[in-house]
Amino acid sequence: MSKLNKLFFIEEYPGSCFYAYSMDFRIKIIRIFKLKIMYIVHIGYSIDLFADKKESIDFIREKKKEYIEAKKYIFK
């Protein structure tokens, strides 16, 4: 869980605005003959601005769920 907190986090800045940092990723699929290899490629970070802390926490929670679902898909 601590790795997820490093990939998806929130920072508060003066003026009561919250920046939500979320990692961008994609699933890479390589096929070699009948062998299928899948892994996650980290592209970078997206920064989203929110006026409310609750909205930013909900946004980060959804992004974490997406990442966990992608990991489950890969290790199926």
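Residue numbers restart at each chain and count upward from 1, following the sequence in its written direction. Where local features are concerned, this predicted model is filtered to residues with pLDDT of at least 70; where side-chain atom pairs are given and counted, the filter is 80 or more; whole-chain, interface and lining totals use all residues. Hydrogens and waters are ignored; side-chain quantities use all the structure's heavy atoms.

**Section: the sheet that holds strand 3 (residues 35–50)**
Definition in use: Only when DSSP finds a minimum of two bridges between them are two strands counted as paired. In this text, helices come from DSSP runs of H or I with a minimum length of four residues, and strands from runs of E with a minimum of two, each type numbered from the N-terminal end. Here an angle of 0 to 180 degrees is reported between the N-to-C directions of two axes, which are lines fitted to C-alpha atoms, with helices fitted over the stretch in contact. Note on definitions: a residue-residue contact is assigned when non-hydrogen atoms from the two residues lie within 4.5 Å.
Read across the sheet, 3 strands follow the order 1-2-3 without closing on themselves; strand pairing throughout is antiparallel. Both outer strands of the open sheet, strand 1 (8–13) and strand 3, are each paired with one neighbouring strand and no more. If you compare each strand with its neighbour and ignore which way they point, the axes differ by 20° on average. As judged from the 15 bridges shared by strand 2 (residues 17–32) and strand 3, these two strands associate in the antiparallel manner. By the bridge assignment, Phe 25 is partnered in strand 3 with His 42. Where helix 2 (residues 53–74) meets the sheet, it contacts strand 1, strand 2 and strand 3, and its direction lies at approximately 10° from that of strand 2.

**A look at the nonpolar core**
The condition that has to hold: By nonpolar core is meant a set of buried Ala, Val, Leu, Ile, Met, Phe, Trp, Tyr and Cys residues that side-chain atoms within 4.5 Å join together. The rule is simple: take the accessible area with a 1.4 Å probe, protein chains only, and divide by the maximum for that residue type; under 20% is buried, over 50% is exposed, in between is partly exposed.
Grouped together as the largest cluster of nonpolar side chains are 12 residues: Leu 4, Leu 7, Phe 8, Ala 20, Met 23, Met 38, Ile 40, Phe 50, Ile 60, Tyr 67, Ala 70 and Ile 74. Put simply, the parts of the chain that give this core at least two residues each are helix 1 (2–7), strand 2, strand 3 and helix 2. When residues in this core are grouped by element, the largest group, 4 residues, is from helix 2. Beyond its immediate sequence surroundings of up to four residues, Tyr 67 is in contact with Leu 4, Leu 7, Phe 8, Met 23, Phe 25, Ile 40 and His 42.

**Quick word on a nonpolar patch on the surface**
To be explicit about the condition: Each patch is built from salt-bridge-free residues with over 30% relative accessible area, joining like charges within 9 Å and nonpolar side chains (Val, Leu, Ile, Met, Phe, Trp, Tyr) within 5 Å. Only the protein chains shown count as cover for residues, and all accessible areas are computed by the Shrake-Rupley method using a 1.4 Å probe. Salt bridge, as applied in this entry: a Lys or Arg side-chain nitrogen positioned within 4 Å of an Asp or Glu carboxyl oxygen.
Nonpolar side chains collect at one region of the surface, where Ile 30, Ile 32, Phe 33, Leu 35, Ile 37 and Tyr 39 lie side by side and expose about 610 Å² of accessible area between them. Counting residues per element, the ones that place at least two in the nonpolar patch are strand 2 and strand 3. Checked against the element boundaries, Ile 37 lands in strand 3.

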